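Fold and contact review
Here is what each chain is made of, one letter per residue.
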Amino acid sequence: MTHEVSPPRVRFAPSPTGFLHVGGARTALFNWLFARTNGGAFLLRVEDTDKARSTDESTAAIFEGLEWLGLDWDEEVVYQAKGLAQHQNDAERMLASGAAYRCFCTPAELAEQRKALTVGKESFKYDRRCDRLPEEERAQRLKSGIPFVIRFRVPDGTTEWDDLVHDRISFPNKDIEDFVILRSDATPIYNMAVVSDDISMRITLVMRGDDHISNTPKQILLYRALGAEPPRFAHVPMIHGTDGKKLSKRHGATAVADYQNEGILPSAMVNFLALLGWSPGGDREVMTLREMTELFSANGLQKKAAVFDPKKLEWMNGQHLSRIPAAELAPLVTPMLVQAEIASEAELAERHEWYLALVDLLKIRARTTHDMVRQARPYFAANISYDPDSTAKSWKDAEETVALLTGARERLTQLAEWRPNYMEEALRALADGMGIAAGKVFQPLRVALTGMSVSPGIFEVLEAMGRDLALTRLTQAIDHIRAR
Ligand code: GLU
C-alpha cells in the first residue's frame, strides 16, 4: 500500500498532435484512478510547445475523449507553451547557480566533434569544452552576440529512484551527457519544460509510459538543481498488439474516438483500458469506473507489456451491454436509431416503456451498440430484407416453408391474448401436427420475423414486435417466398 502524506497531485500531459489514442487514454485513466482513490487531484497539461505539430483540433479531441471516458480533471488546464517565461527563468536560475553553463558550439562543430570521437563503438558525449572556456573568452563571445545554448552540467555519481512499477532504477551519471536545457532561440528542451511545470503544478507522482524511463534521471537531476524535491515516478508498460509488436495503426484503430464510433460503451472502454497494465487481483475483470476507484492501487500495476486485443474489447463491451440498465443505455442508442432512420425520437418517447423493454431484449446478444441498431430494425420497419445465408439455411424447401409459416400465422392469429405462454402452446401444437420438432418451426419463423437467423428468443421477439407487426411480417415472408 502506498501511503500519502498529503493529497497526491498527478497529471496527464498529452502532446496535442493527434487524437487521444489508447495509450494516452490508458495513462490518463491510471492517473485519474490514482487521484480519485487517494483523494488527490488529477490535472491536465497540454504539452503544446511543438508549434508546428500542435493543433487546437487535437486539443479539443483529447478533451472530448477524456470526457467521453468519464475522466474529469481538476483545476484549470495548463498549457505548456504559456509557461515559456517560467521555463527560461528556471534555466537561468541553474545558469546563475552554476548547475548549468553556456555552450557556444555550433551544430557543425558538434558534428565534427562527434565524428572525431565516435571512431570506436563508444557513443558521443559532449566533452564540456565550453565549460572550460576562460572567463574573458566567454565574456567576449557573449558581447559579440554569438548564439549559445544552455547545457546542464551532469554531476558525478548515480541517479536512482524507487519506481512504483519497476522498483529501484539507477543510472550511472557518466552515461548522461551534459544535455541542453535551453536552445539558442531561448526555447526550453522537453525535459526542462516538463520539470519546470511539474514543480509549479506541485506534482507528487509522475505516472507515464515506460518509454520515458530514460528521461527520468535527467529530470531528477533538474529537480535537485532547482532545489525541488523530485516527485515519485511510476512507469507503466507499453501496449503491444496481439503480435507482440508495439501498438500502431497497423493493428487497426488506435484512437479512442474510433471505438466510440464502432459502438463501444465508454464504461467498457475504460474497463478494457484499465486492464492494460493493471489488475485488481484475483480474476476480476468486469468493473465499472466507480468500482475501479475502490479497487485501484499502484501495487496492481504490471511491468510486462500489455496486449491490446480488439476481440477482448468486444467481449468486454458485450459484458457491459448486458449489465447496463436500459434507462442508461437507451440515450446512447436513441440517436443511432434516429440516424439510421429506424425510428424517430418522438416515436420512441411515445412508447417509452416498450422501448426500454426492447433495449433490454436486444442488449443481451449484442457486442456493440451497432449490433443493437441492426437487430432493432425488424421491430420498427414496415419492410425488412432477408439475409441470404439465413434463408438458404432455414427456408430450404419453399413449399414446406410456406405451409409452416401459414400454419403459424393461423394459430397465432387465433390467440386470445398476445402472451408468450400462449404463443409457445400454439407453435408446439403446430409442430406436433406437422410431425416435426419445435426447433424446425422456430428457425424459419425467426427468419420470417427478423430476416436473420440470430435473434432473442422467438416468443420474446413476437411479444416485442406486437401482434399486428408480427402477423404482417409472416404475410410478407409468405408472399416473398411465393414470388421467388
Ligand atoms: N507529452 C509527453 C507524452 O505525451 C508527456 C510525458 C510525461 O508525462 O512526462 O509522452
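Our subject is the structure listed above.
Heads up: these notes are all about the structure in this document. Keep in mind that what you see is a predicted model, and the values were worked out from it rather than measured. (Residues numbered from 1 in each chain as written. Predicted model: local features only at pLDDT ≥ 70, side-chain atom pairs only at ≥ 80, totals over all residues. Heavy atoms only, no water.)

On to the overall build of the chain, then. Along its length, the chain carries 21 helices and twelve strands. Whereas a compact globule of 484 residues would reach a radius of gyration of roughly 23 Å, the chain reaches 32 Å, over 25% beyond that. Burial status across the chain gives 49% buried among its 484 residues. When contacts within the chain are restricted to residue pairs at least 6 apart in sequence, those whose partners lie at least 24 apart make up 75%. Accessible surface for the chain amounts to roughly 23,800 Å². Of this, 51% is attributable to carbon and sulfur atoms. The averaged location of the 67 negative side-chain charges in the chain is 5 Å from the averaged location of its 59 positive side-chain charges. (Helix = DSSP H or I, 4+ residues; strand = E, 2+ residues; numbered from the N terminus. Rg over C-alpha atoms; globule rule 2.2 N^0.38 Å. Buried < 20%, exposed > 50% of the residue type's maximum accessible area, 1.4 Å probe, protein only. Contact = heavy atoms within 4.5 Å. Areas by Shrake-Rupley, 256 points an atom, 1.4 Å probe, with all protein chains shown as cover. Lys, Arg positive; Asp, Glu negative; His and termini not counted. Charge placed at Lys NZ, Arg CZ, Asp CG, Glu CD.)

For the rest of this paragraph, the subject is the site of the ligand. Near the ligand the following residues occur: Arg-11, Ala-13, Ser-15, Glu-47, Tyr-190, Arg-208 and His-212. The backbone of Ala-13 places a nitrogen or oxygen atom 2.8 Å from a nitrogen atom of the ligand. Note that a nitrogen atom of the ligand is positioned 2.6 Å from one of the side-chain N or O atoms of Glu-47. Placement of the ligand is best described as lying within the largest pocket. (Near = heavy atom within 4 Å. Polar contact = N/O pair within 3.5 Å; in protein donor to acceptor, adjacent residues only side chain to side chain. 1 Å grid on protein atoms, 1.4 Å probe; cavity = no way out; pocket = protein on both sides within 12 Å on 5 of 7 lines; lining within 4 Å. Sits in = over half its atoms within 2 Å of the grid points.)

Most of strand 2 (residues 41-46) sits inside the fold, with six of its six residues counted as buried. With burial as the criterion, each face of strand 2 is covered, one bearing Ala-41, Leu-43 and Arg-45 and the other bearing Phe-42, Leu-44 and Val-46. Sheet topology note: the strand 1 (residues 9-12)/strand 2 ladder contains four bridges and is parallel. When the bridges of strand 2 are listed, Phe-12 appears paired with Leu-44. With two bridges connecting them, strand 2 and strand 3 (residues 78-79) associate as parallel partners. Bridge pairing in strand 3 places Arg-45 opposite Val-78. Regarding the hand of the β-α-β motif, the stretch spanning strand 2, helix 2 (residues 56-69) and strand 3 is right-handed. (Pairing = 2+ DSSP bridges. Right-handed = clockwise from strand over helix to strand, strands pointing away.)

Attention shifts here to the sheet that holds strand 3. Adjacent strands of a sheet form backbone hydrogen bonds with each other and so pair up, either parallel or antiparallel. Ordered in space as 1-2-3, the three strands form an open sheet in which the pairing is parallel. In the strand order of this sheet, the two ends are held by strand 1 and strand 3, each with one partner.

This part covers the sheet that holds strand 8 (residues 180-182). If you trace the three strands from one edge of the open sheet to the other, you get 4-5-8, paired in antiparallel fashion. Both outer strands of the open sheet, strand 4 (100-103) and strand 8, are each paired with one neighbouring strand and no more. If you compare each strand with its neighbour and ignore which way they point, the axes differ by 45 degrees on average. With two bridges connecting them, strand 5 (residues 149-152) and strand 8 associate as antiparallel partners. Paired with Ile-150 across the bridge in strand 8 is Leu-182. (Axes fitted to C-alpha atoms, helices over the stretch in contact; angles between N-to-C directions.)

Taken as a whole and judged by the stated rule, the model has twelve aromatic pairs. Their ring planes at 85 degrees and their centres at 5.0 Å tell us that Phe-272 and Phe-308 sit as a pair that is edge-to-face. With Phe-272 in helix 9 (residues 266-274) and Phe-308 in the loop between strand 12 (306-307) and helix 11 (310-323), the pair connects residues that are 36 residues apart, well separated along the chain. No difference in accessibility class separates Phe-272 from Phe-308, as the two residues are buried. Put simply, the rings of Phe-30, Trp-278 and Phe-296 pair up and form one aromatic cluster. Here Lys-218 stacks its cationic end above the ring of Phe-179, 5.5 Å away from the centre of that ring. Here Arg-419 stacks its cationic end above the ring of Tyr-422, 4.8 Å away from the centre of that ring. (Phe/Tyr/Trp six-rings, centres within 6.5 Å; stacked < 30°, edge-to-face > 60°. Lys NZ or Arg CZ within 6 Å of the ring centre and 35° of its normal.)

On to the side chain of Thr-27. Checked against the element boundaries, Thr-27 lands in helix 1 (residues 22-37). For Thr-27, a relative accessible area of 12% translates into the label buried. Aside from chain neighbours lying at most four places away, what touches Thr-27 is Phe-12, Met-207, Arg-208, Gly-209 and Val-236.

Let us look at the pattern of salt bridges. Within the structure shown, the criterion is met by 24 salt bridges. With a closest N to O distance of 3.0 Å, Asp-162 and Arg-168 form a salt bridge. Connected through shared salt-bridge partners, Arg-11, Arg-45, Glu-47, Asp-197 and Asp-198 make up one network. (Salt bridge = Lys/Arg side-chain N within 4 Å of Asp/Glu carboxyl O.)

Our focus in this paragraph is the packing of helix 17 (residues 398-413) against helix 19 (residues 439-450). Following both chains from N to C, one finds helix 17 and helix 19 inclined at 85 degrees, their axes separated by 10 Å at the closest point. One way to sum up the angle between helix 17 and helix 19 is to call them roughly perpendicular. Contact residues: Thr-401, Leu-404, Leu-405 and Ala-408 in helix 17; Lys-440, Val-441, Pro-444, Leu-445 and Ala-448 in helix 19. The residue makeup of the contact of helix 17 with helix 19, split by class, is seven nonpolar, one polar and one charged. (Parallel < 35°, antiparallel > 145°, perpendicular 65-115°, else oblique. Nonpolar A, V, L, I, M, F, W, Y, C, P; charged D, E, K, R; others polar.)

Within this model, the largest pocket holds a volume of roughly 1,400 Å³. Taken together, 46 residues line the largest pocket, and the ones lying closest to its centre are Ala-13, Pro-14, Ser-15, Thr-17 and His-21. Of all the elements in the fold, those that place two or more residues in the lining of the largest pocket are strand 1, helix 1, helix 3 (84-97), helix 6 (190-200) and strand 9 (205-209). No other element matches the six residues that helix 1 contributes to the lining of the largest pocket. Classifying every residue of the lining of the largest pocket by side-chain character gives 18 nonpolar, 16 polar and twelve charged. (Points joined across faces, edges and corners; volume = space filled by probe spheres on them.)

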